[in-house]
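Architecture at a glance
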Amino acid sequence: MTAISPIPKTFIKDYSQETVQNFWEQRISESAAKSQDKWIIWQNKIDSLIQLIQNARDVICLQTEALEIPRLIEALKVASQKNVRVYLLLNEFAAQHRKRLEPLVGHCLIRYGYNGIGTYCLSNLPAENPSGVLLPISLTEQSMSTALYPMICLTAQQTLMLHQYFCHEFWHEAQYEIIDKKDLGTQRKVQEPPEVIPLPSENTWDAEQVGQMIPVQKITHLIWCNVTANPLIPQWHQLEHATIITSLHGNDPELLRSLWDQKNLIYAGEGPQLINIAFTKSQAFLLPKTWYNPQKDRRIYCFPLDVNQRKEMLQYFSRSLAESKYEYYGQKTIHDIQKPFYFLTQLEQEQTLQTEIQEILPEQSVSNIEELQSVQAETLCPEQTRFQVQRLARHVQYTVIIHPPYLPSNVQHDPLYKRWADLESGYQEQLSKCLSYIQAMGDQQKGLKQKLLAWGRSFFAGINSASQQKTEQIENLQKKRLAQETLHSRKAILEEIKEIIEWLRKQRLTIESKIEEIKQRENWEDTRDELHRAIEQLQSQKKDKEEQLRTILAEKESLEQKQYELEKEKLSKEFTEIQRKSDEIQRQREATQQDKSESQQEDKLEAVHEERIHALEKLIAEHKAKVNRLNSQVERIRNDIEQLAKKLQQKEKERAEHGDCFNFRPTAKPEDQENSSLQDILQSRSKKDKKKERQSKASKPAQLSNYEPDFPEEELPEIGRLYSQNKQRYLVIQDWSELENGRREAERFHAKLVVERKK
């Protein structure tokens, strides 16, 4: 058996005729100009600037972004010491380097906070032969040594125009000035200008004037910082068959594509362009770099170049063209691309075409298992072409993993399993009940013990034999599973269970009747024995009471006799004393002269006699009290004997009524017995088994009832496992050998055939 697993498929697709759009392709640069070219040797430029400063006689005007070259700073200081007025106009960020300008403080008038890019230096102003130079970079050694740029020597007319432009910017646009050294650490705001200095009327334009000034439709060559859709050249779309050199970054993709569609050749170098120059067949125009993003209502100088300047700038153009490393293409087939290139949207990452690469496509799934082996991987390839991804090739070998339909993650087992499980549980529970009833009937015999052996052994022997057969029959039924049986077999099983239940009911009625008889016999015998014991006990108690009565009467008679004798002795002593006293009185009369001591002795004898008399009286009183108590006891005992006699008479009457022979009288009708449970009957055992019954109460079987199971309408699947989610069913199979039967079962259950994802 082979498991149903994802299948990897591989195919090769030819993309050589696909087109790539909007990109810069590397090109083979022409041989670079020799190092002695004047736009390469930056030391010559510094020397030229120093020479220009040294030749100044009246005024020097210098505008630059930053001034950091020590030789130039020293030259300006020397010129100032020769009574040449030096004016410096610097950019805002030049304030970070103001410390380097310390040698010029007090010698030059310095202002900064002016947004200008590039450098121009003017001298001999206002002389008859003013001169000046223009550079597109700042005066720092780093800028001078790393950039490829021209140095333009200005004509007298251009110099005068820039002088007036400089004056306006110096007095009206700069924000801060440096008068003394303390200004190097703070920002001193500029003072009011001495007078209003206007911009020159010629060669300064706003954006609209610049756009009208340049006849775009006649431009042949163009060096431009960035090709962007701005107000500078609103006629970009009219440009045709021109050669354009721009920067690699910061261009408008849509505008580049429009210019390329108009048959313009577009080139770019890696670094930024430092100057804007437009060439026509007979003219050339120069603008500062800042103009590609001019401020609102900002006017800036823009002047035409003369013949010599135009010729020099054409050489610079040729040099820049030779050094341009990239050419723009609006569209090109992959087959024709030979060099590395950059997409306009991914200029930071170089793209390289390969002959063939391997690509892993996102994993795919088929809608049904049957398609897994027959699906064509090519149909799963995305429609996007290869230039829309990182890697490019003329041929791509695709690998795709095709998965069968998987079982969703949050599904549950189909409720059909629970219905069958509940049915199976009820089936086993019913069989367990039957076994419990048989076991209860067997336990009942053990509880009867000697009573059963005495007269019921043969009766229960037959029941035990039948119970053993029924137990084996039930145990065989327990081994069966209803879900796995056929319909005919299920019917036979139900008939067997009904037959067993009916047999149990009949046996239960018989056993219950016997149990009732045993119960009555036990109660009859218990009552008889209890009466016998009660009579014996009453007789014994009556006999004891009578004996006690005789003892008390004898004690009473003895006490009365002793009391009589004591009283008799007391009377005798009293009579003797009376007689003695009488005689004594007589003697006293006869002998009045009796001795005193004798009289005292007589008194003592009289006191002793009185004490004896008192003791006899006390003893007599005690005897009387004892006699009275004995009389009370005699009365109480006689009452007890009378009550015991009555009870004895009652018990003898009850024993006579109970009789000497047992007669069984059923207390319940057969239908009442049918509705009772075996558990309730088993709880009515003999007194000797009460404790044992309480201990085993938890194991008593429940009431036995008819078994009529409700079979589910659907059978369980013969193959696979059924799941469901939101009314959708899924049938899971494991291997290809189950496919045919699985498809049939899936149709029966209206389920989707799936496999389970391996973890």
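The rules behind these values
Residue indices follow the written sequence of each chain, beginning from 1 at its first position. Note on the predicted model: pLDDT of at least 70 is required for a residue's local features to be given, and 80 or more for side-chain atom pairs to be given and counted; whole-chain, interface and lining totals, by contrast, use all residues. Water and hydrogen atoms play no part in the side-chain values, which are based on all heavy atoms of the structure. By definition, any uninterrupted DSSP run of H or I lasting at least four residues is a helix, any uninterrupted run of E lasting at least two residues is a strand, and each is numbered from the N terminus. Think of it in three bands: residues with accessible area under 20% of the maximum for their type are buried, residues over 50% are exposed, and the middle band is partly exposed, with areas taken using a 1.4 Å probe on protein chains only. We call two residues in contact whenever any of their non-hydrogen atoms come within 4.5 Å of each other. The definition of a nonpolar core used throughout is a set of buried Ala, Val, Leu, Ile, Met, Phe, Trp, Tyr and Cys residues joined through side-chain atoms within 4.5 Å. Each residue gets a pLDDT score, which is the predictor's confidence in that residue and runs from 0 to 100. Any Phe, Tyr or Trp ring, taking Trp's six-membered ring, that has another such ring centre within 6.5 Å forms a pair; planes under 30 degrees apart are called stacked, those over 60 apart edge-to-face, and the others tilted. The rule for a charge over a ring is simple: NZ of Lys or CZ of Arg within 6 Å of the ring centre, and within 35 degrees of the ring normal. Salt bridges are counted wherever a side-chain nitrogen of Lys or Arg sits within 4 Å of a carboxyl oxygen of Asp or Glu. Criterion used throughout: strands pair if DSSP finds at least two bridges between them. Lines fitted to C-alpha atoms define the axes here, with helix axes fitted over just the stretch in contact, and angles between the N-to-C directions of these axes take values from 0 to 180 degrees. What the arc measures is the spread of directions leading from the helix axis to the C-beta atoms. Between N or O atoms, a polar contact is any pair within 3.5 Å; within protein, one atom must be a potential hydrogen donor and the other a potential acceptor, and residues adjacent in sequence are included only when both atoms are from side chains.

Turning our attention to the overall build of the protein. When you go through the protein residue by residue, the secondary structure sums to 16 helices and 27 strands. Taking all 759 residues of the protein together, the buried fraction comes to 43%. A sequence separation of at least 24 residues applies to 76% of the contacts in the protein between residues at least 6 apart.

Moving on, we come to the nonpolar core. Within the largest apolar cluster, 59 residues are counted, with the highest numbers of intra-cluster contacts made by Phe 341, Tyr 427, Ile 497, Leu 504 and Tyr 707. Considering each element in turn, this core owes the most residues, eleven residues, to helix α8 (residues 415–448). If sequence neighbours within four positions are ignored, Tyr 707 has contacts with Leu 423, Gly 426, Tyr 427, Gln 430, Leu 482, Leu 494, Ile 497, Lys 498 and Ile 501.

Below, the discussion takes up the confidence of the model for the protein. When the pLDDT values of the protein are averaged, the result is 80; 82% of them are 70 or greater. Across residues 31–36, where pLDDT falls below 50, the model places eight contacts with residues more than four positions away in sequence or in other chains. Confidence drops under a pLDDT of 50 for residues 692–701, and excluding neighbours within four residues, the segment shows ten contacts in the predicted structure.

If you walk through the whole model with that rule in mind, you get 17 aromatic pairs. On the basis of an interplanar angle of 25 degrees and a centroid distance of 5.2 Å, the ring pair of Phe 11 and Tyr 398 is categorised as stacked. One end of the pair, Phe 11, is in strand β1 (residues 7–14); the other, Tyr 398, is in strand β23 (residues 392–403), and 387 residues separate them in sequence. You can call Tyr 398 buried: its relative accessible area is 1%. Of note, Lys 45 hangs over the ring of Tyr 149, and the distance from its end group to the ring centre comes to 4.3 Å. Its guanidinium or amino end placed over the ring of Tyr 329, Lys 332 lies 4.1 Å from that ring's centre, counting from NZ or CZ.

Turning next to the pattern of salt bridges. Within this structure, the stated rule accounts for 25 salt bridges. Across the salt bridge formed by Lys 651 and Glu 654, the nearest N and O atoms sit 3.7 Å from each other. Linking Lys 651 with Glu 654, this pair stays in helix α12 (residues 596–658), spanning three residues, or about one helical turn. On the basis of relative accessible area, Lys 651 is assigned to the partly exposed category, the value being 26%. Connected through salt bridges with shared partners, the residues Asp 180, Asp 183 and Arg 188 form a single ionic network.

Another aspect to go through is the sheet that holds strand β5 (residues 109–112). As summarised here, the arrangement of the eight strands in space is β8-β7-β6-β3-β4-β5-β9-β10, forming an open sheet in which the pairing is mixed. A strand with exactly one partner marks an edge of an open sheet, and here the two such strands are β8 (152–154) and β10 (188–189). Bridging between strand β7 (residues 131–135) and β8 involves three bridges; their strand directions are antiparallel. The partner of Leu 134 across the bridge, within β8, is Ile 152. Each of β3 (59–64), β4 (85–90), β5, β6 (119–123), β7 and β8 is contacted by helix α4 (residues 156–173), which is oriented at about 70 degrees to β4, the strand it contacts most.

Our focus in this paragraph is the sheet that holds strand β24 (residues 412–413). Spatially, β24-β25-β26-β27 is the arrangement adopted by the four strands of the open sheet, whose pairing is mixed. With one partner strand each, in any of the chains shown, β24 and β27 (751–754) form the two edges of the open sheet.

Listed in full, the buried residues belonging to helix α6 (residues 253–261) are Leu 255, Leu 256 and Leu 259. Mapping the buried residues of α6 onto a view down its axis gives an arc of 100 degrees, with all of them on the same face. Tucked inside the fold, the buried residues of α6 contact β2 (19–26), β13 (243–247), β14 (265–269) and β19 (326–333). For α6, the N-terminal cap is Asp 252; the gap from its side-chain oxygen to the backbone nitrogen of Glu 254 is 3.1 Å. One or two steps after α6, the chain reaches Lys 263, where phi turns positive at roughly 65 degrees.

Turning our attention to unusual backbone geometry. If you check the backbone angles, Asn 22 has positive phi at about 55 degrees while not being a glycine. Mapping Asn 22 onto the fold places it in strand β2. With phi around 55 degrees, His 750 is a residue other than glycine that occupies positive phi space. Within the secondary structure layout, His 750 lies in the loop between α16 (739–749) and β27.

It is worth spelling out the pairing of strand β16 (residues 284–287) at this point. Judged by which residues are buried, β16 turns out to be covered on both faces: Ala 284 and Leu 286 on one side and Phe 285 and Leu 287 on the other are all buried. Pairing between strand β15 (residues 276–279) and β16: four bridges, direction antiparallel. Bridge pairing in β16 places Asn 276 opposite Leu 287. As judged from the two bridges shared by β16 and strand β18 (residues 303–304), these two strands associate in the antiparallel manner. Looking across to β18, one finds that Leu 286 is bridged to Phe 303.

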